[in-house]
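Reading the structure
Here is what each chain is made of, one letter per residue.
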Amino acid sequence: MRNDGLLFGIGYEDPILVGVICIGLLFGLAVLGVRISFAAAISGFVGLVELIGLWPGATTAGSIPYAKTSLYSLSVLPPFILIGFLAFHAGMTTSLFDAGRKWLGWLPGGLAVATVFAQAGFGAVSGASTATAAVFSRIAIPEMLEFKYSKRLAAGVVAAGGTLATLIPPSAILVIYALVVEESVGKLLLAGFLPGLFSAVIYGAIIVGWASIYPDIGPPVRGFTWGQRLRSVPGVLPIFVVAMIIITAVYGGWATVTEAGALGAFVVLLLAFVHGMRTKELKDALMETAKLTVMIFTLIWGIFIFVTFLNFSTVPQAFSTWIVELPVHPYLILLAILLGYTILGMFMDAIGMLMVTLPIFYPAVMALNGGPGATPETSPFGLTPEQASIWFGIIVVKMAEVCLITPPIGLNCFVVNGVQPQISLPDVFRGVAIFFVADVITIAGLIMFPEIATFLPDVLGVR
Amino acid sequence: MAVADDALGRVVVAGERLLRPVENTLNFIAAVAVLFLMMLGVVQVVMRIRWLFAAPIYGYIDMIELAMPILAVLGISYAQRHGTHIRMEILILQLKGRVLWVIETFGSLVTLILIVLLTRFAWVFFHDAYLSGDSTTDALLLTWPSKLLVPMALAILSVRLLIQTIAGLRLVIDPTREPIGVVVPHDVAEQAREEIREALGEEGPQ
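Bear in mind the structure is a predicted one, so any value in this text is a computation, not a measurement.

**Some points on the environment of Glu50 of chain A**
Residues and elements named next belong to chain A. Residue placement: Glu50 occurs in helix α2 (residues 36-52). What makes Glu50 buried here is its relative accessible area of 0%. For Glu50 and Ala165, which are 115 residues apart along the polypeptide, the C-alpha to C-alpha distance reads 42 Å. Excluding anything up to four places from it in sequence, Glu50 contacts Gly5, Leu6, Leu7, Phe8, Gly9, Ile10, Gly11 and Val18. For Glu50, the side chain forms a polar contact with the main-chain nitrogen of Leu7, separated by 2.7 Å.

**Here's the deal with helix α15 (residues 257-274) of chain A**
End to end, α15 of chain A covers 26 Å across 18 residues, agreeing with the expected 26 Å (1.5 Å per residue, within 8%). Considered for burial, the residues of α15 of chain A that qualify are Val257, Thr258, Glu259, Ala260, Gly261, Ala262, Leu263, Gly264, Ala265, Val268, Leu269 and Ala272 of chain A. The inward-facing, buried residues of α15 of chain A contact α4 (77-87), α11 (185-191), α14 (237-252) and α16 (279-313) of chain A together with α1 (7-48) and α2 (60-72) of chain B. Gly276 of chain A sits one or two residues past α15 of chain A and shows a positive phi near 95°.

**What to know about the packing of aromatic side chains**
The relative placement of two aromatic rings is captured by the distance of their centres and the angle of their planes. All names here are of chain A. Taken as a whole, this structure holds 19 aromatic pairs over all chains when the rule is applied. Centre to centre, the rings of Phe319 and Trp322 are 5.9 Å apart; their planes meet at 35°, and the pair counts as tilted. Residue Phe319 and its partner Trp322 are located together in helix α17 (residues 315-325), separated by three residues, close to a single helical turn. Judged by relative accessible area, Phe319 falls into the partly exposed class, the value being 22%. Ring geometry for Phe319 versus Phe361: centroids 6.0 Å apart, planes at 40°, classification tilted. Of the two residues, Phe319 sits in helix α17 while Phe361 sits in helix α19 (residues 350-368), which places them 42 residues apart along the sequence. Above the face of the Phe304 ring, Lys68 is positioned so that its terminal group lies 4.5 Å from the ring centre.

**Examining the packing of helix α8 (residues 151-161) of chain A against helix α22 (residues 425-448) of chain A**
Residue and element names in this part refer to chain A. One way to put it is that α8 packs onto α22 with a least axis distance of 7 Å and a crossing angle of 65°. Handedness of the α8/α22 crossing: right-handed. For the pair α8 and α22, contact is made by Arg152, Leu153, Ala155, Gly156, Val157, Ala159 and Ala160 and by Asp427, Val428, Arg430, Gly431, Val432 and Phe435, respectively. For the contact of α8 with α22, a count of residues per class yields eight nonpolar, two polar and three charged.

**Topic: empty space enclosed by the protein**
Considering all chains together, one arrives at one cavity of 30 Å³ or more under this definition. If you go around the largest cavity, you meet 18 residues; those closest to its centre are Arg35 of chain A together with Gln80, Glu104, Ser108 and Gln164 of chain B. Of all the secondary-structure elements, those providing two or more residues to the lining of the largest cavity are α4 (97-132) and α5 (144-173) of chain B. Considering every element that reaches the lining of the largest cavity, the biggest residue donor is α4 of chain B, with seven residues. Each residue belonging to the lining of the largest cavity can be placed in one class, and the counts come to seven nonpolar, eight polar and three charged.

**A short note on the interface of chain B and chain A**
By a widespread convention, an interface's size corresponds to the accessible area lost as its parts come together. Residue-level contacts link 75 residues of chain B with 74 residues of chain A. Buried surface at the junction of chain B and chain A, both sides included, amounts to about 6,700 Å², of which 76% is carbon and sulfur. Across the chain B-chain A interface, the total number found is one salt bridge. Here Glu259 of chain A ties to Arg48 of chain B by a salt bridge, and the two come within 2.8 Å at their closest N and O atoms. At the boundary of chain B and chain A, one finds ten residue pairs in polar contact (both at pLDDT 80 or more). Among the secondary structure elements, those contributing two or more residues to the side of chain B that touches chain A are α1, α2, α3 (76-81), α4, α5 and α6 (188-200) of chain B. The element contributing the most residues to the side of chain B that touches chain A is α1 of chain B, with 15 residues. Considering only residue class, the side of chain B that touches chain A consists of 49 nonpolar, 17 polar and nine charged.

**What to know about the layout of surface pockets**
All names here are of chain A. One number sums up the size of the second largest pocket: a volume of about 460 Å³. Lining the second largest pocket we find 20 residues, and of these Leu96, Phe117, Ala120, Gly121 and Phe240 sit closest to its centre. Going through the elements one at a time, α5 (92-104), α6 (110-123), α12 (193-213) and α14 are the ones with two or more residues in the lining of the second largest pocket.

**Description of the pattern of salt bridges**
Residues and elements named next belong to chain B. On inspection of all chains with the given rule, the structure shows 22 salt bridges over all chains. For Lys147, the salt bridge is made with Asp134, and the minimal N-O distance between the two is 3.0 Å. Residue Lys147 is located in helix α5, and its partner Asp134 is located in the loop between α4 and α5; the two are separated by 13 residues in the primary sequence. When the shortest N-O distance is used, the salt bridge between Glu194 and Arg197 registers 3.2 Å. In this pair, Glu194 and Arg197 both sit in helix α6, three residues apart, roughly one turn of the helix. Connected via shared salt-bridge partners are Glu16, Arg20, Glu23, Arg81 and Arg160.

Cut-offs and rules
Residues numbered from 1 in each chain as written. Chains lettered and ligands numbered in written order. Predicted model: local features only at pLDDT ≥ 70, side-chain atom pairs only at ≥ 80, totals over all residues. Heavy atoms only, no water. Helix = DSSP H or I, 4+ residues; strand = E, 2+ residues; numbered from the N terminus. Buried < 20%, exposed > 50% of the residue type's maximum accessible area, 1.4 Å probe, protein only. Contact = heavy atoms within 4.5 Å. Polar contact = N/O pair within 3.5 Å; in protein donor to acceptor, adjacent residues only side chain to side chain. Expected span 1.5 Å × (residues − 1). Phe/Tyr/Trp six-rings, centres within 6.5 Å; stacked < 30°, edge-to-face > 60°. Lys NZ or Arg CZ within 6 Å of the ring centre and 35° of its normal. Axes fitted to C-alpha atoms, helices over the stretch in contact; angles between N-to-C directions. Left-handed = near helix turned anticlockwise from the far one by under 90°. Nonpolar A, V, L, I, M, F, W, Y, C, P; charged D, E, K, R; others polar. 1 Å grid on protein atoms, 1.4 Å probe; cavity = no way out; pocket = protein on both sides within 12 Å on 5 of 7 lines; lining within 4 Å. Points joined across faces, edges and corners; volume = space filled by probe spheres on them. Buried area = accessible area lost by both parts, 1.4 Å probe. Salt bridge = Lys/Arg side-chain N within 4 Å of Asp/Glu carboxyl O.

Take a look at the structure:
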């Protein structure tokens, strides 16, 4: 290994300084609008060349786009993304909302509660937050407005409920997290299920509470017979079939996650054809899937060039050591990290934010938990290393999603306003505020009760 | 496609005319591969059922791994053209005119340099596999054809970035010209409309 510091003349004299310079370079390029994947690859390339020399550094970087993408575990992403693009064509949204309305409409704010659970259900065939918000803006908002629901509640619930899709499997972002931290994809997917449901229940409870205090904003919708309720069930069965395929495959081991994803996508594809999807729409969905897939894979190899360099620079280890030695309680440090995510989330897309920060923050959180030898007794969080890794993943993904409903970006709010322009953007943001409170409660709940995230993977003993 | 009456503009238009069909075709191949991957998964599950066929596809995992670059890199230039690769837009959206295009062109140029270097060294990675006859562990399939896809796709991305750099320079020289061959930054409202179009398969309100 050479030590001449080819570019800055520092090299292995001070690898941490090289690390800090290249992290600065990454953020500098990112602020100037260079695509995150390329900004990371440039900084990683520069750093590798500086630390280990031109030829070894460049050939290492040159091997990564192939080596880090031709992995079987990653082949789960394309079918998951495809499911998301086909889900709307499969026409399950209307039947979900219809069932939700008949079963839950009698509650205060019942239609809004129905919307939340219909969106959670739709999350079982889609991992895309903004897409879920778009679809339900179309079908749920007109109905709520017809029953004299307040515009703000109607818009807020749809924008916020969209975020449920990312935790409930299939979730592309959890697959990416699993890959970056080298954790089992199956475990992360399963782990997202209860927190997604928990989050939906908190949303539901907040709506019921709010609509009980101010009955005008969301009057109950009564008068459905049990016969009508039961007849609404078959319409949502396909959703359960897809969800069960994915969950039982991961749990029972009768198929790998990739095969389950393929099977799920196949079922949704058949449903979409039954529902009258045209070949042109299938082609569009496939082209969009390919485009989004290549974006995610580019991000993966770009970040991995950077991560390979970071590991040579020893910055992650140094940061972990520093954090563990801080005379502050681990929970406070965790809160500080999460606050950092809230701020970063104002400027960056969820996937990009996770990928850029995890190489540094993840080892630090694992070290806080007591390192590789931690046991529930010795860990300040009461978790084994594996549990801690799953738990942290669920929390940061939830955090990243909160940014979809908060200013200045709040893409979901713009989506609702885009589909229903008669509800002004300020109204959407005001309506969503109460769900931000719900999200804070959810995250606090996840921090205090890690079992919500770790229970399913632990009990089902997934590999 | 837009028409340009200046020299640089004509270069950009000509480049676009050559590159677009190539990019579209490559992304279409990736799209077909998505469908193929899905079908292969379904077939694998069915064929493995013990009481039915008990005959899983030989070398299934190796095949998928070798096919991954089709999905992972072939469409990279198509995605670049559409501005799909994510980025921070907080600064870009505040800028207008010449300053905007100076920053954008700088971004294209540094990315171009990176991709040219990576093309070169991904080629080295392919070439080593080709010379040594490297193969997968289970089914002993040769890896070089799959590894060749990476420098190929990156070379096409280099051409795309070269066009974007030239197109950017053209706008640096005269920001009043019609932007062609560049990705015009979208604000959040426009991004939302894009998301809606993708999710609902059409534009705008009902």
